[in-house]
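# Per-entry structural report
Each chain, letter by letter, is given below.
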Amino acid sequence: MITQRGFLVMFSGVLLLASGFSFVNWYLTVIGVYLLVGLVVTLPLFAMTANIAGIEVERDVDKTQVFSGDFLRVKVTIHNRSRRHFDFIEVHDAYPETWILAIGENFMASRIEPGRSITFSYILQARMRGRYELGPTNVIMRDRLGFHYYTRSLVAPTEVLVYPTWKDVRRLEALGKQRQLGLMFGSHRTKIVGMGTEFAGFREYVPGDPFRLIDWKSSARRGEMVVKQFEMEKNVQIVCMVDTSGSMGNGYPENTKLEYAIRAAVMLTHMGLEKNDLVGTCVFSDGVHSYVPPGTLQTHMYDVLETLAMAEPKGWSNFEAAIDYVVQRTRKRTVFFWLTDLEESPAPLLNAMKTLVANGHRAFVISPFGPWFEAPVGQFGPVERVLSEAVSEELWERRGKISRALARFGIPVVNVGPEDFLPTIIRMYEQAKQKGVGLV
Amino acid sequence: MKVVTWILRILSTAAFIGMCYLVYTIMDVNGVWGWAAPYEFVVTVFRLLSLFFFFLTMILMYGLSSMFMGAQGADQIAVNIYNTLVLRMWYMQPYGVDSPIVSVGEVFSRFGQDFAVILDILWNNTFLFLYFLCAGIGVALFLQSIYRLEHKFVGGAFVAIQAILLIAAAQSYIMATVSYTLPDFPNGFPLDFVAFLGGQVQIVALVSFAYLEISYQMIYSNSVGKPVEDREETLKKQLLALRQATRKQDAIEKGEKVSTTGMSRSSGAIAFSFLREAIERKVIGSQSALENLDAVADVRRLQIFVDELLSADPNARDELTAKAASPSSSYVIGSTVLGSVIRFTSVVAVSFILMSPLVLLSAMDLPPGIANSVELVQPEIVLLFLVPIVLLFPFAASVIGWITGREETEEIKLTKEEKEELKKKKKEFEQRKKDAAKARKARETARKERKKEEEADEWDKALEEIYRG
């Protein structure tokens, strides 16, 4: 293959040659011939020596599973397995477009001797959750003068799974530290009075109470019979229903409704696991894409993260299919957190909720309100502003109807924006814990 | 590698000076390089423009005078205006009228004569001007090539200097007499290789070609060593910028005052995309911007990541800079000299064979009609062998490439199970898509039918149903 500068040399050669013919001058002819011959004379030699098949590329990454926003070192090693040197070799290692090159360069140019290796590395920041591939590595080999080149794409992709961001959990932990210092009030464990071993207080004796519960000292002091009360800590079972329909993908990149829903699901799972609650996750749209049943195993968090990492906004919301699927697999009473924008028809949603309630479960709907996730009204022109306000009003009215309809089943609907999405999920979780819904 | 590049820079400069000197001496017979040529050319161009302007001014004045005074008085008024205003104030008088005029007709009669004279002067000066222009462009591009080390400047400098000889050849072809003699083989291409090598044509051509070769080698040595040096430099700047950014954040958090501009520019943070983004997010530099915790955390975490990496892996820094990729200077020098000698020798030898087909044709025992043909001594005869032989090289290269299987790209080899799984997944996905489309269609139809029946909102209807239930 001739490079652009090779073509320029060819053009100059032809120009001089043609001028030599036109003006009957041997000098111009000679220099034109020199350029043309000089361009091609070493080409067979280059083709013979530049056997790019002798180049092997290896790519190493520190880890193949990272959180969004984490840093990753990529190490690329180029081996020259042939017995010839390569005068000029360029190596470009491709990385996903959404990632950021934090330190170093993903490009190297040098010459490489036979049997030798070159290693270069660079640091990337993984920006968005999902499954990504690093690579391919493009190797371009040029001759010394840069007239000719051969290129080869070495298909050696390295798969990297990027989990949803962990920053919310980090922040929550930072808040937790403050809470430990008594600066904040947090959630309390749901307690059942009457069983267990932890002392809860005294109450008056009621006929039928076991004698062993009577506290004789206190009874003597008070002059009436009192019994000791004990309490037992109970855990709740939660299933986080993450809607991944196409409409959930609306909003600014990295700040779509779905991204917030995923962040909320991660946080909810983390909080649940911290408090020994059973938290499951169901990712659905027109069908159930994946379901992680409630659990407390050490690997549970990673199962949830992997499930959420692969979620893509597409299709429509089939609430009925989702709830049927989950209810069939859930025997215990469960509290469902629906993270959905409710942009589907009412009938399937109401049917799903009926099924849910009929099976003795409880639910909360945390619904991102579309207009709050899209461009701020301030950025619009007058016409767009009026239109967007009209649309917002209509949507809001619809939300009101949805809330009223779901309230009949005792299911609260909370409309959230980007700012209050995560605080809302924390609040709702704490409410569920305090009220003891979904106790197992 | 810097030393090698500098040696080649010096050699390239020497070759360029040599090429320029040869071209200069070729053209410098009877003082062709008149140093006043560019000035004269520019003056002539302005004289021509001035002539046009003067002519238009006169027509305009005459026209305006005619409008107001009528044809009788217009002539006199135009002349008076010219004599009082134009003639006194106009410094350059290229039109040949240097005294007061008595009739407008004088202007028109002189215009034709003067126009032809100026065009003639312009034509004579044009070639000289072009020589200077090409030389100027050539020198400018050469200086750029030495500084920037880019192929386009080297090629441009070479073509610009060769263009002088090209234009000279054109001039000597167009004009019957010129004062210089261009390098040529007046008796046709020499059959003797030694005579070919010793001629002026060969000396100029070889020096010119040498300039091109050495300059390209210079660029090669730079491009093979510079990326490593650049990487090292970039890494240093990035690490410094990162450290300063982290310190700055600490200072802001502590409530200390920090300068807002010094860090980024002096330490190259502008060139550091990661920090640049952080700066754009207004993280670094202002107290209020600390609200953007993500970006602050990102910078800090990157700092921790890099620190841990550098302390845990002793080779990390070398790998980030790709220090091991730097080629040895001695090897580059050796290969440069050897490569250039091979190229030079082969180019001269192959070119000689191509350009002197008589040597080959004599062996073919051609009929006298062809053997004594006048075409055989014309430069165009070069094409007889040039085209097929020049095309032979790329052909040979592609045959070699085909044999060695160079163009093949590696592909991931999937196992049978993996292929089947992939197929199954695809099938499932397709099915799911179909089902979803079907369901959506059914719902849409149902919705339309409902809408036909009544215009009430579907949520209102749902609410009513619930309340009824």
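Predicted, not measured: the structure shown is a model, and the values here were computed from it. (Residues numbered from 1 in each chain as written. Chains lettered and ligands numbered in written order. Predicted model: local features only at pLDDT ≥ 70, side-chain atom pairs only at ≥ 80, totals over all residues.)

## Quick look at the overall build of chain B
Looking only at helices and strands, chain B features 16 helices and zero strands. Going through the 469 residues of chain B one by one, you find that 28% of them count as buried. Long-range contacts, defined as pairs at least 24 residues apart, comprise 69% of the intrachain contacts of chain B with a sequence gap of at least 6. (Helix = DSSP H or I, 4+ residues; strand = E, 2+ residues; numbered from the N terminus. Buried ≥ 20, exposed ≤ 12 C-beta atoms within 10 Å, placed from the backbone. Contact = placed C-beta atoms within 7 Å.)

## A few points about the overall build of chain A
Tallying secondary structure elements over chain A gives 12 helices and 21 strands in all. The buried share of chain A, reckoned over its 440 residues, is 42%. Put simply, of all contacts in chain A between residues at least 6 apart along the chain, 73% involve residues at least 24 apart.

## Examining the interface of chain B and chain A
Each side of the interface is counted separately: chain B has 84 residues, and chain A has 74 residues. It is helix α6 (residues 200-254) of chain B that provides the largest number of residues to the side of chain B that touches chain A, a total of 16 residues. For the side of chain B that touches chain A, the residue count by class is 51 nonpolar, 16 polar and 17 charged. (Nonpolar A, V, L, I, M, F, W, Y, C, P; charged D, E, K, R; others polar.)

## A short note on the pairing of strand β14 (residues 237-243) of chain A
Residues and elements named next belong to chain A. The buried count for β14 comes to seven of seven residues, which makes it a mostly enclosed element. Every second residue of β14 is oriented toward a common face, with Q237, V239, M241 and D243 on one face and I238, C240 and V242 on the other, all of them buried. Judged from the seven bridges that link them, β14 and strand β17 (residues 278-284) form a sheet pairing that is parallel. Note that in β17 the partner of C240 across the bridge is T281. Bridge count for β14 against strand β19 (residues 335-339) is five bridges, and the pairing is parallel. Paired with I238 across the two strands is V335, which belongs to β19. (Pairing = 2+ DSSP bridges.)

## Topic: unusual backbone geometry
All names here are of chain A. Cis peptide bonds are those with omega within 30 degrees of zero, and the linkage from G135 to P136 qualifies with 5 degrees. Summarising the element assignment, P136 is placed in the loop between β8 (130-134) and β9 (137-142). Phi is positive for V24, which is not a glycine, with a value near 50 degrees. Note that V24 resides in the loop between α1 (4-22) and α2 (26-40). The class for V24 is partly exposed, based on 15 C-beta atoms found within 10 Å. The phi dihedral of N276 is positive, around 60 degrees, even though this residue is not glycine. Among the secondary structure elements, N276 is positioned in the loop between α6 (257-274) and β17. Exposure remark for N276: the 11 C-beta atoms within 10 Å place this residue in the exposed category.

## Points about the sheet that holds strand β1 (residues 55-61) of chain A
All names here are of chain A. Overall, antiparallel pairing links the four strands, which are arranged β1-β3-β7-β5 in an open sheet. Taken across any chain shown, the strands that pair with only one partner, and hence form the sheet edges, are β1 and β5 (100-104). Averaged over all neighbouring strand pairs, the angle between strand axes comes to 30 degrees, with direction disregarded. As judged from the nine bridges shared by strand β3 (residues 71-80) and strand β7 (residues 117-125), these two strands associate in the antiparallel manner. The residue of β7 that forms the bridge with K75 is S121. (Axes fitted to C-alpha atoms, helices over the stretch in contact; angles between N-to-C directions.)

## Section: the sheet that holds strand β4 (residues 86-93) of chain A
Residue and element names in this part refer to chain A. One open sheet holds the four strands; their spatial order is β6-β4-β9-β10, and the pairing between them is antiparallel. The open sheet terminates on both sides in strands that have one partner only, identified here as β6 (107-112) and β10 (149-154). Neighbour-to-neighbour, the strand axes of this sheet turn through a mean angle of 20 degrees, independent of strand direction.

## Some details on α1 of chain A
For α1 of chain A, which comprises 19 residues, the first-to-last C-alpha distance of 27 Å matches the rise-based estimate of 27 Å (1.5 Å per residue) to within 8%. For α1 of chain A, the complete set of buried residues consists of R5, G6, V9, S12, G13, L16, L17, S19 and G20 of chain A. Seen end-on, α1 of chain A carries its buried residues on one side only, within an arc spanning 160 degrees. Residues Q4 and F7 of chain A are exposed on α1 of chain A and point more than 90 degrees away from its buried face. In this structure, the buried side of α1 of chain A is in contact with α2 of chain A together with α4 (151-174) of chain B. Where α1 of chain A terminates, the next one or two residues include V24 of chain A, which has phi positive at roughly 50 degrees. (Expected span 1.5 Å × (residues − 1). Arc of directions from axis to C-beta.)

## A few points about the environment of I112 of chain A
Residue and element names in this part refer to chain A. Structurally, I112 is set in strand β6. Note on I112: 24 C-beta atoms within 10 Å, which makes it buried. Put simply, I112 and I55 are 57 residues apart on the chain and 9.7 Å apart in space, counted from C-alpha to C-alpha. When sequence neighbours within four positions are dropped, the list of residues in contact with I112 reads I78, N80, H85, F86, I89 and I118.

## Focus on the nonpolar core
With 181 residues, the main nonpolar core has M241, V242 and L268 of chain A as its most contacted residues. Considering every element that reaches this core, the biggest residue donor is α6 of chain B, with 17 residues. Of all hydrophobic cores here, the second largest spans nine residues; its members include L51, A78, V104 and I118 of chain B. (Core = buried A, V, L, I, M, F, W, Y, C linked by C-beta atoms within 7 Å.)

## Thoughts on the confidence of the model for chain A
This prediction gives chain A a mean pLDDT of 84; 90% of its residues lie at or above 70. Taken as a whole, residues 181-189 of chain A scores under 50 in pLDDT and shows 12 contacts with residues more than four places along the chain or in a different chain. (pLDDT = per-residue confidence, 0-100.)

## Thoughts on the packing of α2 of chain A against helix α11 (residues 329-355) of chain B
Where α2 of chain A contacts α11 of chain B, the two axes come as close as 9 Å, and the packing angle between them is 125 degrees. With respect to their mutual orientation, α2 of chain A and α11 of chain B come out oblique. Where α2 of chain A crosses over α11 of chain B, the handedness of that crossing is right-handed. Along the contact surface, α2 of chain A presents V30, V33, Y34, V37 and G38 of chain A, while α11 of chain B presents R343, V347, V350, S351, L354 and M355 of chain B. Grouping the constituent residues of the contact of α2 of chain A with α11 of chain B by class yields eight nonpolar, two polar and one charged. (Parallel < 35°, antiparallel > 145°, perpendicular 65-115°, else oblique. Left-handed = near helix turned anticlockwise from the far one by under 90°.)

## So, the packing of helix α1 (residues 2-27) of chain B against α4 of chain B
Residue and element names in this part refer to chain B. Axis separation between α1 and α4 bottoms out at 11 Å; the angle between their running directions is 10 degrees. One finds that α1 runs roughly parallel with respect to α4. You can see that α1 and α4 cross each other, and the crossing is left-handed. Where α1 approaches α4, its residues F16, M19, C20, V23 and M27 are matched on the opposing element by A157, I161, I164, L165 and A168. Among the residues forming the contact of α1 with α4, the class breakdown is 10 nonpolar, no polar and no charged.

## Quick word on the pairing of strand β18 (residues 288-295) of chain A
Each regular strand displays side chains that alternate between the two surfaces of the sheet. All names here are of chain A. Sheet topology places β17 next to β18; five bridges connect them, and they run antiparallel. In the sheet register, V283 faces β18, and the bridge partner there is S290. Counted along the chain from β17 to the antiparallel partner β18, the turn is three residues long.

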